[in-house]
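# A structural walkthrough
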2 protein chains.
Amino acid sequence: MQRHRVAVIGAGFGGLFAIKALRNANVDITLINGTAYHLFQPLLYQVATGVLSEGEIAPPIREVLRGQENVDVKLGWAESVDTDNKIISVAGPGINYTVEYDTLIVAAGASQSYFGNDHFADNAPGMKSIDDALELRAKIFGAFEIADLQEDDEAKERWLTFVVVGAGPTGVEMAGQIAELAHRNLPGQYKHIDPRRARIILIDAVGAVLNTFGDHLSTRALAQLHKMGVEVELNTKVVNVDRTGIEVESERGHQRIPSMTKVWAAGVSAPPLARKIAAATGAEVDRAGRIMVNPDLTVPGHPEIFVLGDMMNLNDPSTGRPLPGVAQVAIQGGKYAGQTIKGRLRRKPPGEPFKYFDKGSMATISRFSAVASIGSKIRLAGFFAWVMWLVVHVFYLVGFKNRFTTVLHWAVSFLGRGRSERVATEQQAFARKAMYEYGNPFERARLDDAPPADEISTTQVEPEKVSAKR
Amino acid sequence: MQRHRVAVIGAGFGGLFAIKALRNANVDITLINGTAYHLFQPLLYQVATGVLSEGEIAPPIREVLRGQENVDVKLGWAESVDTDNKIISVAGPGINYTVEYDTLIVAAGASQSYFGNDHFADNAPGMKSIDDALELRAKIFGAFEIADLQEDDEAKERWLTFVVVGAGPTGVEMAGQIAELAHRNLPGQYKHIDPRRARIILIDAVGAVLNTFGDHLSTRALAQLHKMGVEVELNTKVVNVDRTGIEVESERGHQRIPSMTKVWAAGVSAPPLARKIAAATGAEVDRAGRIMVNPDLTVPGHPEIFVLGDMMNLNDPSTGRPLPGVAQVAIQGGKYAGQTIKGRLRRKPPGEPFKYFDKGSMATISRFSAVASIGSKIRLAGFFAWVMWLVVHVFYLVGFKNRFTTVLHWAVSFLGRGRSERVATEQQAFARKAMYEYGNPFERARLDDAPPADEISTTQVEPEKVSAKR
């Protein structure tokens, strides 16, 4: 007899924890993911700022699931789901295939949202993928290199102004890291600029940083940011982003900030697959494209389809607000879905609805300083919060990567003062085009005259292109 | 009074050792390099096979030269040199500039050569830059993922056949690492393939592996490669490379090897700058485009221009053959040029001509096994040679990176059994196009419909592209 087939779309926290919960279940699991790695998103900002390598936060899925015999990992991109016949159409690398399921877990995450201003993305990359982080790494370190070459003071200043939009945890951590880089790591390495003069500006439309952490921690975080030299502009709305600057509006009126390096850390939206599944099943979606699910995380009328993490919208009865888009919601949802499936296989009656247990929120602001809230009462700021942040993150990495050397590797990188991961590749240099102020041979040779994508490997060896390697 | 100005083109071993030799000299040094990092080329193959991150073998130049006050590091690409007026024209990122010199050190390295068959590069990337290594990483790990998705046995086999062209140290190390990956690291992680069945084929036109190491070590290396399951095809010439295979000729006639993943590790050529400088100064170049230099490493008639490392051709009087293109020739040449410049500043008479001291050659074949030759007598193979290899490499990395945590980091990566650095980015996935056998939505969405280079950052956030992130 064929075993119950579970298909999982997405190898984020939700998908992996659902699969781990089904470790000993009598099921055949197929995991479909667009990359061969899981991404530990909370540490992306450390890849962008040269602390960690991409491999350190992106363990191969096959390593994470090593030893779990009931999973088949497939590289591919779930294009659509035939919810009547229970078939997923997948576009894989060079091969299309289908995956049939009895139960489907949809956990494909979210991407950056520009609230209808998608063209902002040209000049203000988000922070959602390894590619985003490596592009930002190239931009941030490149900005200091390029500033050092400018003759003109205004140009130097434009290159040394970094604007981070969005003062949630990602934006705060990013701004803090750039400040640390500019004010502590890089000084003394340039002949024509002083990195300490770099401006780091953090902008948010609301009136507080880390708004969801509550007044006390918000105030502490703001003080810490000021101490690090980050300029914080609250109640300030971004109205335009272009190559050389950003325009904002606040009660002080309209203002243009000349800046070559902008980072977007505000807002998320669900992938198109969410709308497709909603359309097929008659489910509703919210403004961010997330599927409104039942209290047991299933799609209304389709108990065999679970939606997890950033792709779902469910009101938390204890707060009356939708559950936040954080790792814990995905992790707990994954465990819940796995347990529910196991219960059904044993023909148990339906269990309790999903209940999110808020373990708290944390954000690091600098090395040795963080803020953390635990439950509704405990609020911590400073060194102790930072140690807690570290322990929690090491704990999860250990759980995922499960190898002593890897963790040691990470601990060494992270605790060291090093910014050893600063490489920008030629491929990432394509993304740097927006940084260049003028057309010139450097740019032309590398970018404009660049061959089509399918010939990229050629450029790396064509004699005419060779000197770019120097 | 203006100080003596030394310009250095290239931050490889030659350029950096010349600069370090001038540490206490009364000169102003300008270093021009196309990337912000030095590249420790001998370990590129470990980046390609997932052992090390790119940052671990590519320390920022500014970190390497930290504390040396007489150097100005500039990002840029030396386009041409006006040797009469002693001015270098540089195309930098978004800005063109010139650098004047009293003494010029040209040390811009070499790139892969396909011996007139540059189109081979489309399907057989070389191993000269970080981009090469990351592209190969994407291809190698991608091949196992894609093989696992194939229905057809022939296709599986084509994806599981890896061909390395060139049995010098780079080719031998690369073939050994792929074999170790396939036969030791990856087995047990796939449902539909057995990585142990992967074929690794090492091809060379001459009759021995590690030809320059002498008969004894060559035989030992061959035995070790066989033991690891590498098929070695000697006296075999590559006549064609295409997307799905490679064609070779040997005394057994013409043969086609179906293989999706080919690596080119045979032959180098100097960058176009070498020919430009030769044309301007009347110097001769050899077939590989290298400048024929005087015994003191200067260009004939231009005692103020030194050429180092892979860009120069100088006969070694002790062997009657040109000096080999190895790190030691560049390092010793750099030190020699630096000392010569210091001597001249003190108005000393010209010293001895450059004399290369052959410290020996080494190549690792697998973890815990290497071959090494020292001077003309000592030949080592096996574990002890491997320990020596490790010590020498750690020694150089320490010298360059000069930070305890970085070395520990590296040691942990290298000694661990881990293949933790396996990330292929979307940007690198462009290079993967050659791997795909059919046109399909996965490919189209990612590659064909991909926007022009200057919009790459946009794709990462456009809602329509979002599901690629899963």
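Residues numbered from 1 in each chain as written. Chains lettered and ligands numbered in written order. Predicted model: local features only at pLDDT ≥ 70, side-chain atom pairs only at ≥ 80, totals over all residues. Heavy atoms only, no water.

Per an unreviewed UniProt entry, chain A goes by the name NADH:ubiquinone reductase (non-electrogenic) and belongs to Paractinoplanes atraurantiacus. We quote the UniProt Sequence similarities (unreviewed entry) comment for chain A here in full: "Belongs to the NADH dehydrogenase family." Under the UniProt heading Catalytic activity (unreviewed entry), the entry covering chain A gives this text: "a quinone + NADH + H(+) = a quinol + NAD(+)". (UniProt positions renumbered as here; feature names shortened; annotations may be inferred.)

What follows deals with the sheet that holds strand 24 (residues 369–374) of chain B. Residues and elements named next belong to chain B. The strand order across the open sheet formed by three strands is 23-24-25, and the pairing between neighbours is antiparallel. Each end of this open sheet is capped by a strand with a single partner; those strands are strand 23 (361–366) and strand 25 (378–382). Strand-to-strand, the axes of this sheet are offset by a mean angle of 5°, without reference to chain direction. As paired elements, strand 23 and strand 24 share five bridges and run antiparallel to each other. Residue S366 lies in a different strand from strand 24, and its bridge partner there is S369. (Pairing = 2+ DSSP bridges. Helix = DSSP H or I, 4+ residues; strand = E, 2+ residues; numbered from the N terminus. Axes fitted to C-alpha atoms, helices over the stretch in contact; angles between N-to-C directions.)

Residues and elements named next belong to chain B. Pairing within the open sheet is parallel, and its four strands lie in the order 11-10-9-15. Each having just a single partner strand, strand 11 (230–233) and strand 15 (261–264) make up the two edges of the open sheet. Sheet twist, expressed as the mean angle between neighbouring strand axes with direction ignored, is 20°. With four bridges joining them, strand 9 (residues 161–165) and strand 15 adopt parallel strand pairing. The residue bridging V164 from the neighbouring strand is V263, located in strand 15. Contacting strand 9 and strand 15, helix 4 (residues 130–149) runs over the sheet at an angle of about 155° to strand 15. (Contact = heavy atoms within 4.5 Å.)

Taken as a whole, this structure holds 14 aromatic pairs over all chains when the rule is applied. Taking the centre distance of 5.5 Å and the plane angle of 70° together, the rings of B:Y336 and B:F354 count as edge-to-face. Taken as a pair, B:Y336 in helix 9 (residues 327–345) and B:F354 in the loop between helix 9 and strand 23 lie far apart in primary sequence, 18 residues in all. With respect to class, B:Y336 is no different from B:F354; both count as buried. An aromatic cluster is built from A:Y114, A:F120 and A:W264, whose rings are joined through pairwise contacts. (Phe/Tyr/Trp six-rings, centres within 6.5 Å; stacked < 30°, edge-to-face > 60°. Buried < 20%, exposed > 50% of the residue type's maximum accessible area, 1.4 Å probe, protein only.)

What follows is about the packing of helix 1 (residues 13–21) of chain B against helix 9 of chain B. Residues and elements named next belong to chain B. The contact between helix 1 and helix 9 brings their axes to 7 Å, and the two run at 35°. Every pair of crossing elements has a handedness; the one defined by helix 1 and helix 9 is right-handed. Only A327, A330, I331, G334, K335, G338, Q339 and K342 of helix 9 make contact with helix 1, whose side of the interface consists of F13, G14, F17, A18 and A21. Along the lines of polarity and charge, the residues of the contact of helix 1 with helix 9 split into seven nonpolar, four polar and two charged. (Left-handed = near helix turned anticlockwise from the far one by under 90°. Nonpolar A, V, L, I, M, F, W, Y, C, P; charged D, E, K, R; others polar.)

Attention now moves to the pairing of strand 11 (residues 230–233) of chain A. Residues and elements named next belong to chain A. Bridge count for strand 10 (residues 199–203) against strand 11 is four bridges, and the pairing is parallel. Pairing of L202 across the sheet is with V232, part of strand 11. A crossover connection joins strand 10 to the parallel strand 11 through helix 7 (residues 215–227); in handedness this β-α-β unit is right-handed. (Right-handed = clockwise from strand over helix to strand, strands pointing away.)

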